[in-house]
Amino acid sequence: MNPVFTRRSIRRFEERPVEPEKIEQILRAAMAAPSAGNQQPWEFYVVTDKEKILKLSKSHKYAGCAAGAPAVIVPCFRTKNLVFPMYDQIDLSIATQNILLEIVNQGLGGVWLGIAPIEERMRCVDEIIGIEEGLRSFALVPLGYPAEEKPPADRFEPERIHYL
Ligand SMILES: Cc1cc2nc3c(=O)[nH]c(=O)nc-3n(C[C@H](O)[C@H](O)[C@H](O)COP(=O)(O)O)c2cc1C
């Protein structure tokens, strides 16, 4: 079934590491995203260092589940030389959704943990990953082989559609 309909937030993971080829494929999906003026404002940090993952899991009170993940992807956005800087976080949202969908395609599970636009969280994550000058962190995506199962969520509500 299409991962758009089966994807759920997975917050519990097996300990086994994720193969680097799978991570690469997930990041290929991220970079396939559309962006304003095709500006592709993204960069990605892939964190597998246990100590850093633990620190990321403490970056805010809803990030705890990252602690058990074998890897955390940190999508980031450039802050300089953008054609449409006002769209940078929107572009990153699409790339991050592509990450979540390709995670499912790869037989893995993951969850979006919000960082941007909350400045305090961004500063904390930027510092933990030692982010490069000119970049800001956007989100945390802990991922791994799922240690929990969730049924697809049907959120279709026809009354929210307004045909004109
Ligand atoms: C922008 C954004 C921020 C989120 N932040 C968190 C978070 O900080 N912690 C968390 O556990 N889940 C977070 N989530 C996941 C949502 O809680 C989850 O997507 C929502 O409850 C729907 O559940 P589902 O993903 O299983 O369909 C976030 C999702 C989005 C899109």
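Residues numbered from 1 in each chain as written. Predicted model: local features only at pLDDT ≥ 70, side-chain atom pairs only at ≥ 80, totals over all residues.

Asker: Looking at this structure, how should I read the environment of Ala-71?
Answerer: By secondary structure assignment, the location of Ala-71 is in strand 2 (residues 71-78). Judged by C-beta crowding, with 23 C-beta atoms within 10 Å, Ala-71 ranks as buried. When the C-alpha atoms of Ala-71 and Asp-49 are compared, they prove to be 8.0 Å apart, with 22 residues separating the residues in sequence. If near-sequence neighbours (up to four positions away) are discounted, Ala-71 is found in contact with Val-18, Ile-23, Val-46, Val-47, Thr-48, Leu-143 and Gly-144. (Helix = DSSP H or I, 4+ residues; strand = E, 2+ residues; numbered from the N terminus. Buried ≥ 20, exposed ≤ 12 C-beta atoms within 10 Å, placed from the backbone. Contact = placed C-beta atoms within 7 Å.)

Asker: What exactly am I supposed to notice about the site of the ligand here?
Answerer: What surrounds the ligand is the set Arg-8, Ser-9, Arg-11, Tyr-62, Ala-63, Cys-65, Val-111, Trp-112, Leu-113, Gly-114 and Ala-153. Within the shell around the ligand, the residues separate by chemical class into seven nonpolar, two polar and two charged. (Near = placed C-beta within 6 Å. Nonpolar A, V, L, I, M, F, W, Y, C, P; charged D, E, K, R; others polar.)

Asker: So what exactly am I meant to see when it comes to the packing of helix 2 (residues 20-31) against helix 4 (residues 88-105) here?
Answerer: If you want to describe how two helices pack, look at the angle between their axes and the distance between the axes. Where helix 2 contacts helix 4, the two axes come as close as 7 Å, and the packing angle between them is 145°. Where helix 2 crosses over helix 4, the handedness of that crossing is right-handed. Along its contact with helix 2, which presents Gln-25, Ile-26, Ala-29 and Ala-30, the element helix 4 presents Ala-95, Asn-98, Ile-99, Leu-101, Glu-102 and Ile-103. Tallied by class, residues from the contact of helix 2 with helix 4 come to seven nonpolar, two polar and one charged. (Axes fitted to C-alpha atoms, helices over the stretch in contact; angles between N-to-C directions. Left-handed = near helix turned anticlockwise from the far one by under 90°.)

Asker: How should helix 4 be read in this particular structure?
Answerer: Since the α-helix turns once every 3.6 residues, residues separated by three or four places project in the same direction. Over its 18 residues, helix 4 runs 26 Å from end to end, which matches the ideal 26 Å to within 8%, given 1.5 Å per residue. Of the positions making up helix 4, those classed as buried are Asp-88, Asp-91, Leu-92, Ala-95, Thr-96, Asn-98, Ile-99, Leu-100, Glu-102 and Ile-103. Elements that come into contact with the buried residues of helix 4 comprise helix 2, strand 1 (42-47), strand 2, strand 3 (109-110) and strand 6 (139-144). Of the residues one or two after helix 4, Gly-107 is the one with positive phi, at around 75°. (Expected span 1.5 Å × (residues − 1).)

Asker: Looking at this model, I keep getting lost on the pairing of strand 2. Mind explaining?
Answerer: Regular strands place their side chains on alternate faces of the sheet. Burial of strand 2 is extensive: seven of the eight residues sit out of reach of the surface. Here strand 1 runs beside strand 2; their pairing, made up of six bridges, is antiparallel. The partner of Tyr-45 across the bridge, within strand 2, is Val-74. Two elements, strand 2 and strand 6, share three bridges in a ladder whose sense is antiparallel. Bridged to Val-72 within strand 6 is Pro-142. Two elements, strand 2 and strand 5 (residues 135-137), share three bridges in a ladder whose sense is antiparallel. Residue pairing across strands places Cys-76 opposite Ser-137, the latter belonging to strand 5. (Pairing = 2+ DSSP bridges.)

Asker: Looking at this model, I keep getting lost on the pairing of strand 6. Mind explaining?
Answerer: With six of six residues buried, strand 6 lies mostly within the body of the structure. By the alternation rule, side chains of strand 6 split into Ala-139, Val-141 and Leu-143 and Leu-140, Pro-142 and Gly-144, which are all buried. Judged from the two bridges that link them, strand 3 and strand 6 form a sheet pairing that is antiparallel. Bridging across to strand 6, Gly-109 finds its partner in Gly-144. For strand 4 (residues 113-114) and strand 6, the ladder comprises two bridges, and the chain directions are antiparallel. Across the sheet, residue Gly-114 finds its bridge partner in strand 6, namely Ala-139.

Worth remembering: the numbers are spatial, not functional.
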